[in-house]
Amino acid sequence: MRRNLPRSKYQKGIIHPIKYLRDYLERDIRPDGRQFLRVRPMSVNVRSITQADSSSIFKIGNTTVVCGIKAELAEPKVETPDCGYIIPNVELPPLCSPKFRPGPPSDQAQISSKIVETVFLNSGVLDPRNLCISKNKLVWVLYCDLICIDYDGSVMDACVGALMAALKTLTLPEVEHNPDTGAIIVHPSKRLSVPLKGAPVCTTFALFEDQLLIPDPTEEEESLALARLSLVIDGEELCGVYKAGGIPISQEVLMKSLSQSKKRAELVRKLIDTAISST
Amino acid sequence: MPVDQRRINGPEVTIPYNIYFDSNAKQTETRKTLPKKRTDGRDSTELRKIFVKTGIVSQAKGSAYIEMGKTKVVCSVFDPREIPNKTGYSLQGELFCEFKFSPFSCLKRKIHQQDSEEKEYSIILQRALESAVCRHEFPNFQVDVYALVLDNGGSSLAAAIMASSLALSDASVPMFGLVTAVTAGIYQDRFYLDLTEEEEVICSKAPDESTSSRNYGIVIQANLPQHGQISEFFHVGSMDLANMKPTVEAITTACKELCPVMQQCLVKSVLKALKRKENMEKEDQ
Amino acid sequence: MEGTEIVEDEGILRPMKCELNHLTMPDGSAMFMQGDTAVVAGIYGPVEARVQKMMYDKASIEVVYTPIKGPPCVDDRMREQIIKETCEAALIATLHPGTAICINVQELQDSGGLLACTVNAACLALINSGLSMKFMIGAVNCMIEKDSQKLILDPDTTQIQEAKATFTFIFDSSKKDLVSCQTTGRFTEKEFLYSFDKCKEASQCVFQFFRSIVTKYATRI
C-alpha cells in the first residue's frame, strides 16, 4: 500500500475524501502512514529573528508557527497598577493555507487568539506583576504575535509551543524610571530574562466514528473529524480542556486523551528545553 | 484610531523602548553617512550570502523561503482562481500580490493591517513579476502571491521579489524566466549594493545643505537575467543623471550573478520530486 | 493541593425560569433565566442561505451573539463558536440541505455561568422552533473554590471571585456524553473528573426542567 505520500502535491483533489480517509482508518493506519496514537515529529528553533525581542519557530510535521515578541512601554491600567500586559494574537494569513483570504482576521483566527490568551492566563506562567517597572506609572507590554506559516492541522498545539519557547528566551532591558520627573533610561546592554513558572503544553485530538481518538491530526484529518478536543497540561495539573461541539464523547475516551496528552506534554517540554540550551 | 474588535488589543498608547536608550552607552551612536567600509566587511558591490529553498508551505501550490543576511522572507503561491467581482472577460490572467511585514520583523512594531508602505511594495512586487509570467495562459483567472517578511535586515522587497518568482516556478505557473532583484543605495559619492537595514535608513535621508554632493537614494531593480531585460525599476531619492548608468549596470551584473543560485535551487527540487516518484513506483510494484 | 479531599456543596442549581415564544418574529424563541443570569434566544430557520455560506448537503448554522454593551469582540466569537458547534451536534442539519439556520442570542444580564445559560436558552429555542434534533443539550457550570477546595455547582458572580477553576460542561440528553467543554484556571485531573461527574448528575435537573417546560407549553397550544 502506498504510504508516506507527500501530501501537498498528490492527495489534493481526491474525489471522495471521506471514503478515502475511512479506508485508511479501517486498516488501522492514518493517511500519512502513522499509527493511530503516534504524533508527528516536532522541532523548535529559538532566537532566529533578530528584530524581535525574542522569537521561536515551532514545527509539528508540516505545521509551522512563528512567534515573535516585541516589548514596549506603557502606563498600566488603573485597576491593576502593578500589572504589565501580554497581548497574544494569532494570525492565520492567506499565505498559510488556501482556506484563508486576505482581510481582517477570520473567525478561526480570532478564536485561536482567544484560546491562546486563555491558556496563557489560566496557566499563570508569567505573573503580570513581573512586568511592572514603576507602579502606577510604567509597565512592559509584550506583543506576542503568532503567525502561522503552514496550516497543516493542530495549529493550537504549535501556537502554545511557540509562545512558550519564545517567552522562555525573552530578555528585557533594564529600565530606570524616575517617578518624579518621569524620565526613562533604558540600558540595552543589561538584559534580564523574565521569571516563568511551568510550561503548558497543548495537545489536539480528532475524533472519528466509534469513538476513535487520534492525537495530533493533520489538516486533512482535522477537517473531516467528527469532533476535536484540545487539552492543555502543565506538569501535574491541567489548565484547559476545550471542546466545541461535534459528536459527544464518553468518559473513557476523555481519560484516554488525558493520559496521551500527559505523555506528549513531557515530550514537548523536553524538546523546548533542549532547543533553548543548544543555542 | 478605532479599536479593532477582531483582535486582542493592548493599551492605547505604547512606546518602543529603544527611544530611551541610555545616551552614554556606546551602542547607540547612529551614523549620519555611509561608512567607508561596510559594517559587515563587504565590498561595495558584494552581495550578502543567500539561501533559498522551495516547497516549504505544504498547503500552498508553490512556496519559497529566502534568507539574505538577516533578512528572511516566506512566499507562497496558490492555484489560479476566478477573478473575484469581475464583470466581463479579461484576456490576460492577473497576479494578486500581497506584501506584508510581520509585526515583529522591523525595529518599530508594525500594525496588523497593511500600511501604505506595504501597499506600495505589493504593487511593486506585482509589477516586477507580471512581465515574467505567461499571463495569456490563464485568461480570466488570478494567481495569488503572498510574501511575508519574518525578519527585516534590509532589501526585503528585493528578497520578496526573488522568493515570489521562485514560488511561482515551484507552483508550475508558466513563466518566461526567473526574476532577480537587487537593491542599491547611493549617498553622496558612495554607492552600495544589497543594503542592510542600517544602510537603507541612511540612504533614504537627504544629506545636509552644506555637503558638496547632495546625491542620495535607493534603487530597486528587478531583472529577467535570462533575457537581459528589466521588469521593474523603482527609485526614491534624488541623484545626478550621470550616476544612473553605473548604478543600473552594477545592479544588472549582480542580478545575473543571482540567477544560477535560484536555478540550482529549482533543479534540486525537481531532482527531489523525480526521486520521490521513482521510490513510489518501486513501492507500487 | 494534591490529595486534598474535595468537599461537596449541596448540589443544587440556581432556580431556572423560562418563557417560550417570547419573541413574535422568530420561528422559535426562549427567554431563559438561571439565577440572575438572563438570556434571550431566537431562531430563524430553515431560511435561505447566503451564497458564500451555502452547503449543498446540509444546513449551515449561523450564530450571532450580542453582548449587553459594546460591539462583539474576540471573547464573544469564542462563545459563538461553542454555541454553533454544540447546536450543530444536536441538530440534524442534513434534513435541510442548502439552507441556513440562524441562532441569535442576546445577553440580558450576566451573574455567572453565562455560557451555560446561553447554550440552555439556545436549546430551548431550538425545541420551540420545531427543528429536528438528535438529542437535547444541557449545560452546567461549576467551580472549585480556592481556599476550601469545595465544588460549587452553578455559582453566581460573587462566588466566582473565589474560584481557582471554573468548568462549563455541555452534555447530550441521550447518552449523557460530553458535547462541549470549556474551562478556566488550573486544576488537577482528579478535580476535573469529579466536577465532570457532578455536572453530569446535575445535567439531569436541566433536562428535567426542559421537559417540564415543554409539557407546560404543549398543553397551551
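Residues numbered from 1 in each chain as written. Chains lettered and ligands numbered in written order. Predicted model: local features only at pLDDT ≥ 70, side-chain atom pairs only at ≥ 80, totals over all residues.

- Chain B appears in an unreviewed UniProt entry as Exosome complex component MTR3 from Cephus cinctus.
- Heading Sequence similarities (unreviewed entry) of the UniProt record for chain B holds this comment: "Belongs to the RNase PH family." (UniProt positions renumbered as here; feature names shortened; annotations may be inferred.)

- For chain A, the name recorded in an unreviewed UniProt entry is Ribosomal RNA-processing protein 43, with Cephus cinctus as its organism.
- Within the UniProt record for chain A, the comment given under Sequence similarities (unreviewed entry) is "Belongs to the RNase PH family."

### Some thoughts on the overall build of chain A
At step 1: When its secondary structure is counted, chain A shows 6 helices and 12 strands.
At step 2: Relative to the 2.2 N^0.38 estimate, which gives 19 Å for 279 residues, the radius of gyration of chain A is 21 Å and therefore close to what a compact globule would have.
At step 3: Expressed as lengths along the three principal axes of its C-alpha atoms, the size of chain A is roughly 70 × 40 × 35 Å.
At step 4: Within chain A, the proportion of its 279 residues that are buried is 51%.
At step 5: Sequence-distant contacts, at least 24 apart, represent 68% of the contacts inside chain A between residues at least 6 apart. (Helix = DSSP H or I, 4+ residues; strand = E, 2+ residues; numbered from the N terminus. Rg over C-alpha atoms; globule rule 2.2 N^0.38 Å. Buried ≥ 20, exposed ≤ 12 C-beta atoms within 10 Å, placed from the backbone. Contact = placed C-beta atoms within 7 Å.)

### Considering the overall build of chain B
At step 1: Looking only at helices and strands, chain B has 4 helices and 11 strands in total.
At step 2: Relative to its length of 285 residues, chain B is compact, with a C-alpha radius of gyration of 21 Å against a globular reference of 19 Å.
At step 3: Principal-axis analysis of the C-alpha atoms places the extent of chain B at approximately 75 × 50 × 45 Å.
At step 4: Taking all 285 residues of chain B together, the buried fraction comes to 42%.
At step 5: For chain B, contacts bridging at least 24 residues in sequence account for 70% of all contacts bridging at least 6.

### Details of the nonpolar core
At step 1: Core analysis: the biggest nonpolar cluster contains 219 residues, and A:Leu163 and B:Ala163 have the highest contact counts within it.
At step 2: When residues in this core are grouped by element, the largest group, 12 residues, is from helix H2 (residues 114-129) of chain C. (Core = buried A, V, L, I, M, F, W, Y, C linked by C-beta atoms within 7 Å.)

### Quick notes on the interface of chain C and chain B
At step 1: Between chain C and chain B, the residue contacts involve 4 residues of the former and 4 residues of the latter.
At step 2: Residue classes in the side of chain C that touches chain B are distributed as 4 nonpolar, no polar and no charged. (Nonpolar A, V, L, I, M, F, W, Y, C, P; charged D, E, K, R; others polar.)

### Thoughts on the interface of chain B and chain A
Accessible area lost during the coming together of the parts is what is often quoted as the interface size.
At step 1: On the chain A side, the residues contacting the 42 residues of chain B number 52 residues.
At step 2: Residue assignment for the side of chain B that touches chain A shows that the elements contributing at least two residues are strand E1 (15-16), strand E4 (71-77), strand E7 (141-151) and helix H4 (241-284) of chain B.
At step 3: A total of 5 residues in the side of chain B that touches chain A trace back to one element, the largest contributor, which is E7(B).
At step 4: Pairing geometry for strand E3 (residues 63-74) of chain A and E1(B), over 2 bridges, is antiparallel. The residue of E1(B) that forms the bridge with A:Glu72 is B:Pro16. (Pairing = 2+ DSSP bridges.)

### Let's talk about H2(C)
Residue and element names in this part refer to chain C.
At step 1: Taking 1.5 Å of rise per residue, the 16 residues of H2 would be expected to cover 22 Å, and the 22 Å separating its terminal C-alpha atoms lies within 8% of that figure.
At step 2: Buried residues dominate H2, accounting for 16 of its 16 residues.
At step 3: Gly130 sits one or two positions beyond H2 and adopts a positive phi of about 80 degrees. (Expected span 1.5 Å × (residues − 1).)

### Observations regarding the UniProt feature "domain: Exoribonuclease phosphorolytic" (unreviewed entry) in chain B
At step 1: When the UniProt feature table is mapped onto this chain, "domain: Exoribonuclease phosphorolytic" (unreviewed entry) is found at residues 46-174 of chain B.
At step 2: Structurally, residues 46-174 of chain B is divided into 23% helix and 31% strand, and its ends, taken at the C-alpha atoms, are 32 Å apart.

### What about the UniProt feature "domain: Exoribonuclease phosphorolytic" (unreviewed entry) in chain A?
Residues and elements named next belong to chain A.
At step 1: According to UniProt, the "domain: Exoribonuclease phosphorolytic" (unreviewed entry) feature falls on residues 39-173 and 199-263.
At step 2: For residues 39-173, the end-to-end C-alpha separation is 38 Å, with 23% helix and 37% strand making up the annotated structure.
At step 3: Taken end to end, residues 199-263 comprises 29% helix and 40% strand; its first and last C-alpha atoms sit 14 Å apart.

### Considering the pairing of strand E11 (residues 229-238) of chain B
A regular strand carries its side chains on alternate faces of the sheet.
At step 1: Relative to E11(B), strand E10 (residues 216-224) of chain B runs antiparallel, the two being bridged by 9 bridges. For B:Ile218, the partnering residue across the bridge sits in E11(B) and is B:Val236.

### Some words on the packing of helix H2 (residues 156-170) of chain B against H4(B)
The relative placement of two packed helices is expressed as an angle between their axes plus a distance between the axes.
Residue and element names in this part refer to chain B.
At step 1: Orientation of H2 relative to H4, taken along the N-to-C sense of each, is 30 degrees, at an axis distance of 11 Å. Classified by the interaxial angle, the pair formed by H2 and H4 is roughly parallel. The interaxial crossing formed by H2 with H4 has right-handed handedness. Only Met262, Cys265, Leu266 and Ser269 of H4 make contact with H2, whose side of the interface consists of Met162, Leu166, Ser169 and Asp170.
At step 2: Of the residues in the contact of H2 with H4, the class split is 5 nonpolar, 2 polar and 1 charged. (Axes fitted to C-alpha atoms, helices over the stretch in contact; angles between N-to-C directions. Parallel < 35°, antiparallel > 145°, perpendicular 65-115°, else oblique. Left-handed = near helix turned anticlockwise from the far one by under 90°.)

### Section: helix H1 (residues 116-130) of chain B
At step 1: Taking 1.5 Å per residue, 15 residues should reach 21 Å; H1(B) reaches 21 Å between its end C-alpha atoms and fits that length.
At step 2: Those residues of H1(B) that fall on the buried side of the exposure criterion are B:Tyr121, B:Ser122, B:Ile124, B:Leu125, B:Ala128 and B:Leu129.

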